[in-house]
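# Fold and contact review
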Amino acid sequence: MTEESRNAAATSEENVPRPTAAMRRRVTGLAIAAAVGGFLFGFDSSVINGAVDSVQKSFALNAFVTGFIVAIALLGCAVGAFIAGRLADRWGRLKVMLLGAVLFLASSIGAGLAFSAWDLGFWRVIGGLGIGIASVVAPAYIAEISPRQSRGRLASLQQLAITIGIFVALLSDALLAGVAGSASQQLWFGLEAWRWMFLVGVIPSVVYGILALTLPESPRFLLANGRHDEARQIFTTLVPEEDIDRQIGDIERAIQEDKEGAKATLVGNRLGLKPIVWIGIILSVFQQFVGINVIFYYSTTLWKAVGFTESNSLLITVITSVTNVVVTIVAILLVDRVGRRPILLTGSVGMALSLGVMALSFAFAVKVDGAVSLPNPWGPIALVAANLFVICFGASWGPLVWVLLGEIFPTKIRGKALGVAAAAQWIANFLVTVSFPPMADFSLPFTYGLYAIFAALSFFFVFFKIPETNGMALEHAETLFREAGGKRRGVQVRSSGDSA
């Protein structure tokens, strides 16, 4: 699609009928339901925080094995994310959602009843498979059912659900440990509190499974597989009747273009992949290489280093997770008003500066009884900088990467491409998680300085490679990246019409 044709499309769509309030409520409800997969993601990634010390003591693990048990679920997530795209394109979004729920349910029970470290590791991998699947299917489904003018806000629900999952996991850990006396003490039915921390995951997995059985299938998937009557029936609940034919026509033309061009393959001329796939991969890697999960996986060490007692560390982490939820809500409110690029660029600057301050603070660290400690005023400065980093990430790169991943890929390869991008995200997460302890032992200033460099690089990547997609129809947003290879900046087509 040329620049002129895009402008013509924008003009012709100015008088497109707007969905009714009931239609908007339905779309929002569908997006919230799909985002429960993000809740599972956040819950699983943080529930180990409160259990890790007790797991280490219960199974007499050394530091390396303990760290591996923490990180191994991320490898399962990478595999789950990689296969999810292919399964979603073949089976449909809902069946794959159900598979993710079943895997996470099995993992919650198995991990809670684990009899050895390797048994626990196996069930964490199974749970990772389910979480990886959910991390791919949810943003794809949300993007495919959302009105263009609110697609950014609705797609951001995925990240909001992740932050809420983190908060609930940490809060439930704290409550269960508090009731039992400690995570290692028995709670109910002769099981230690740390086991109940995993078993709590049964509840959201069952909820997600029930939702997967009741949601309508993605209209775009149905049209891509020739199920036109079903797609039309679903569209009648999402867009005005007089706009359905245009919606279906736009999607079918985009699907046909993809069939005639790429034949639904990710293979391309840029190191074996299409340029747009590399854009998704690099966005995912940058989101993790700034080190955000260090705050949520290893927060106890950080807070102890700035002078807090171990008993307060979990409480501080819960407070940080609440902050993460709040700023994510702010991002959701702004993404469709301000746009993707300004928020991402601002977030990159904020993350780079706050991480730089953390690196500087730890340059003044001293060893006290073998443990890292920060003298005044560097302890409070590091604490403030860490929380500013969480704020900058949660208000920008946290939710907006999911928004972009849901809207930049061509329809026919969206599932596969999302799978690859999400797998890259999990692998990057794994590398950060397993590398932090030895890197921290080597040099904390170096570690946080490296994260700051990646945050700075993310600014230049967005500035030179990511065009603005705010307000564009999903099929039109794809063409910006296909035509320009991600090199055009600040180009957007706005429409006053809301259409799915």
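### What to know about the overall build of the protein
Helix and strand counts for the protein come out as 23 helices and five strands. Residues classed as buried in the protein amount to 61% of the 500 residues present. Long-range pairs, those at least 24 residues apart, make up 78% of the contacts in the protein with a sequence separation of at least 6. Counting only carbon and sulfur atoms, one obtains 67% of the accessible surface of the protein, whose full area is about 18800 Å².

### What about the pattern of salt bridges?
For the coordinates displayed, the defined rule picks out one salt bridge. Note that Glu-192 and Arg-195 form a salt bridge whose closest N and O atoms lie 2.9 Å from each other. On the basis of relative accessible area, Arg-195 is assigned to the buried category, the value being 11%.

### Some words on the packing of aromatic side chains
Counted according to the given criterion, the structure contains 17 aromatic pairs. Ring geometry for Phe-286 and Trp-397: centres 6.4 Å apart, planes at 70 degrees, overall edge-to-face. Taken as a pair, Phe-286 in helix α14 (residues 275-289) and Trp-397 in helix α20 (residues 397-407) lie far apart in primary sequence, 111 residues in all. The interplanar angle of 85 degrees and the centroid separation of 5.7 Å between the aromatic rings of Phe-442 and Phe-446 together place this pair among those described as edge-to-face. On the basis of relative accessibility, which here comes to 62%, the residue Phe-442 falls in the exposed class.

### Notes on the confidence of the model for the protein
Predicted coordinates in areas of low pLDDT are best not read in detail. The predicted model of the protein averages 77 in pLDDT, with 79% of residues at 70 or higher. Taking the mean pLDDT of every element in the protein, the minimum, 45, falls on helix α1 (residues 3-12) and the maximum, 92, on helix α22 (residues 444-465). When the criterion is pLDDT under 50, residues 484-500 qualifies, and its contacts beyond four places in sequence or with other chains add up to 71 contacts.

### Let's talk about the packing of helix α19 (residues 378-394) against α20
Packed helix pairs are specified by the crossing angle of their axes together with the interaxial distance, meaning the distance between the axes. Where α19 meets α20, the closest approach of the two axes is 5 Å, and the angle between their N-to-C directions is 20 degrees. Looking at the two axes, α19 sits roughly parallel to α20. Each of Cys-392, Phe-393 and Gly-394 in α19 lies in contact with α20, whose residues at this interface are Trp-397, Gly-398 and Pro-399. For the contact of α19 with α20, the class distribution of residues is four nonpolar, two polar and no charged.

### Some details on the environment of Lys-274
Residue position: Lys-274 is located in the loop between β3 (267-270) and α14. Lys-274 sits in the buried class, given a relative accessible area of 18%. Note: C-alpha distance between Lys-274 and Ala-417 (143 residues apart in sequence) is 9.6 Å.

### Quick notes on the packing of helix α5 (residues 93-112) against helix α10 (residues 202-214)
Relative orientation of the contacting elements α5 and α10 amounts to 160 degrees, with a least axis distance of 8 Å. Here α5 is positioned roughly antiparallel relative to α10, judged by the angle of their axes. Considering only the axes of α5 and α10, their crossing is left-handed. Between α5 and α10, the contacting residues are Leu-94, Met-97, Leu-98, Ala-101, Phe-104, Leu-105, Ser-108 and Ile-109 on the first element and Val-202, Ser-205, Val-206, Tyr-208, Gly-209, Ala-212 and Leu-213 on the second.

### Details of the side chain of Arg-93
With respect to the secondary-structure elements, Arg-93 resides in helix α5. There is a polar contact of 3.1 Å between the side chain of Arg-93 and the backbone oxygen of Ala-88. Setting aside anything within four residues of it in sequence, one finds Arg-93 in contact with Ala-88, Val-137, Tyr-141, Glu-144, Glu-217, Ser-218 and Phe-221.

### Notes on the side chain of Asp-119
Relative to the helices and strands, Asp-119 is located in helix α6 (residues 117-145). With residues up to four places along the chain from it excluded, the contact list for Asp-119 reads Gly-110, Leu-113 and Ala-114.

### Digging into a nonpolar patch on the surface
A surface patch of nonpolar side chains, about 520 Å² in accessible area, is lined by Val-322, Val-326, Ile-329, Val-330, Leu-333, Leu-334 and Val-338. Looking at where Val-330 falls in the secondary structure, it is placed in helix α17 (residues 310-338).

### Some points on the environment of Ala-352
Turning to its location among the elements, Ala-352 is positioned in helix α18 (residues 340-362). What makes Ala-352 buried here is its relative accessible area of 17%. Taking C-alpha positions, Ala-352 is 9.5 Å from Cys-392, a pair spaced 40 residues apart along the chain. Once residues lying within four places of it in the same chain are set aside, the contact partners of Ala-352 are Ala-452, Ala-455 and Ala-456.

### A look at the environment of Asp-53
Mapping Asp-53 onto the fold places it in helix α3 (residues 36-58). A relative accessible area of 40% means that Asp-53 is categorised as partly exposed. Note: C-alpha distance between Asp-53 and Trp-194 (141 residues apart in sequence) is 9.3 Å.

Cut-offs used in this document
Residues numbered from 1 in each chain as written. Predicted model: local features only at pLDDT ≥ 70, side-chain atom pairs only at ≥ 80, totals over all residues. Heavy atoms only, no water. Helix = DSSP H or I, 4+ residues; strand = E, 2+ residues; numbered from the N terminus. Buried < 20%, exposed > 50% of the residue type's maximum accessible area, 1.4 Å probe, protein only. Contact = heavy atoms within 4.5 Å. Areas by Shrake-Rupley, 256 points an atom, 1.4 Å probe, with all protein chains shown as cover. Salt bridge = Lys/Arg side-chain N within 4 Å of Asp/Glu carboxyl O. Phe/Tyr/Trp six-rings, centres within 6.5 Å; stacked < 30°, edge-to-face > 60°. pLDDT = per-residue confidence, 0-100. Axes fitted to C-alpha atoms, helices over the stretch in contact; angles between N-to-C directions. Parallel < 35°, antiparallel > 145°, perpendicular 65-115°, else oblique. Nonpolar A, V, L, I, M, F, W, Y, C, P; charged D, E, K, R; others polar. Left-handed = near helix turned anticlockwise from the far one by under 90°. Polar contact = N/O pair within 3.5 Å; in protein donor to acceptor, adjacent residues only side chain to side chain. Patch = residues over 30% accessible without salt bridge, like charges linked within 9 Å, V, L, I, M, F, W, Y side chains within 5 Å.

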